[in-house]
Amino acid sequence: MIYRCVSTYSLNFNGRILAIKEGDITMQDTDAIVNAANSSLMGGGGVDGAIHRAAGRALVEECRIIRKTQYPAGLPPGEAVITSGGRLKAKFVIHTVGPIWMGGKKDESEILKKAYRNSLIVAEKSGIGTISFPSISTGAYGFPIEKAAPVAVSTIAEFLLKEARSVEKVYILAFTPSDFAVYRRELKLYGESFNGSKTPK
Ligand code: APR
């Protein structure tokens, strides 16, 4: 049996944890996982496709109701909604839509910040304690990961420090070793600029 060493690196922000982890978000058993969806909420490729495949048809049925009752024109970029987790280990899926990269002059960073923060706000409203994020917008939506990672890390860290009540642990799931290295470096840099206690693993 070959045990794969799962890389993680975490920081403790006054008792609440932000951790970078390498792996498949559909395998996580956090209370919630976040889906990098598109505005249709009807599924797609990438992590959206993986989550819908793993969760089963319940997800798209719940999303269809959300579209009909709350977002008939589609979920706008930066907004977030919640469904059950279907067959996933996670009890909930929070669907958010990240910005499509247009060169950096169309408020892409602001919209990406909104996607992370609104997902956390939705998690709080459901009393969620642990949540996993993918690297939103850095795949098909083309957001350069070196620019997206600082937005993700700072938005989550600031939420943990200033607003979190039920959310106690947030993971960013990097799908590849190189993505893990980028997020790990960003979290390390953020930690060095903040006098929190580091808990590198
Ligand atoms: N677990 C964790 N991360 C994953 C997984 C997975 N199973 N599959 C893909 N990823 C990573 C990608 O490697 C990338 O780093 O998720 C990140 C986001 O990539 P995309 O899934 O392409 O999402 P995004 O860039 O936000 O584009 C969204 O793509 O899949 C469609 O329907 C989706 O139209 C929407 C668009």
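Our subject in this report is the structure included herewith. Owing to the predicted nature of the structure, the values given are computational and were not obtained by experimental measurement.

### Focus on unusual backbone geometry
Leaving glycine out, the prevailing phi sign among residues is negative, and the prevailing peptide bond configuration is trans. In the Ramachandran plot, Asn14 falls in the positive-phi region, its phi being about 50° despite a non-glycine side chain. Along the chain, Asn14 falls in the loop between β1 (8-13) and β2 (16-22). The exposure class of Asn14 is exposed, given its relative accessible area of 64%.

### Section: the packing of aromatic side chains
Going through the model one piece at a time under the given rule, you end up with three aromatic pairs. On the basis of an interplanar angle of 55° and a centroid distance of 4.7 Å, the ring pair of Trp101 and Phe143 is categorised as tilted. On the criterion of sequence distance, the pair formed by Trp101 in the loop between β5 (92-97) and α3 (108-125) and Phe143 in the loop between β6 (130-133) and α4 (145-162) is long-range, its members being 42 residues apart. Residue Trp101 is classed as partly exposed on the basis of its relative accessible area, which comes to 23%. Aromatic pair Tyr116 and Phe133: ring centres 5.0 Å apart, planes at 45°, arrangement tilted. On the criterion of sequence distance, the pair formed by Tyr116 in helix α3 and Phe133 in strand β6 is long-range, its members being 17 residues apart. Each member of the pair Tyr116 and Phe133 is classed as buried. Above the face of the Tyr171 ring, Lys21 is positioned so that its terminal group lies 5.2 Å from the ring centre.

### Thoughts on the environment of Val60
Summarising the element assignment, Val60 is placed in helix α2 (residues 57-69). Val60 sits 85 residues away from Ile145 along the chain, and the two C-alpha atoms are 28 Å apart. Sequence-distant contacts of Val60, that is, excluding residues within four places in its chain, are made with Leu41, Met42 and His52.

Parameters at a glance
- Residues numbered from 1 in each chain as written.
- Predicted model: local features only at pLDDT ≥ 70, side-chain atom pairs only at ≥ 80, totals over all residues.
- Heavy atoms only, no water.
- Helix = DSSP H or I, 4+ residues; strand = E, 2+ residues; numbered from the N terminus.
- Buried < 20%, exposed > 50% of the residue type's maximum accessible area, 1.4 Å probe, protein only.
- Phe/Tyr/Trp six-rings, centres within 6.5 Å; stacked < 30°, edge-to-face > 60°.
- Lys NZ or Arg CZ within 6 Å of the ring centre and 35° of its normal.
- Contact = heavy atoms within 4.5 Å.

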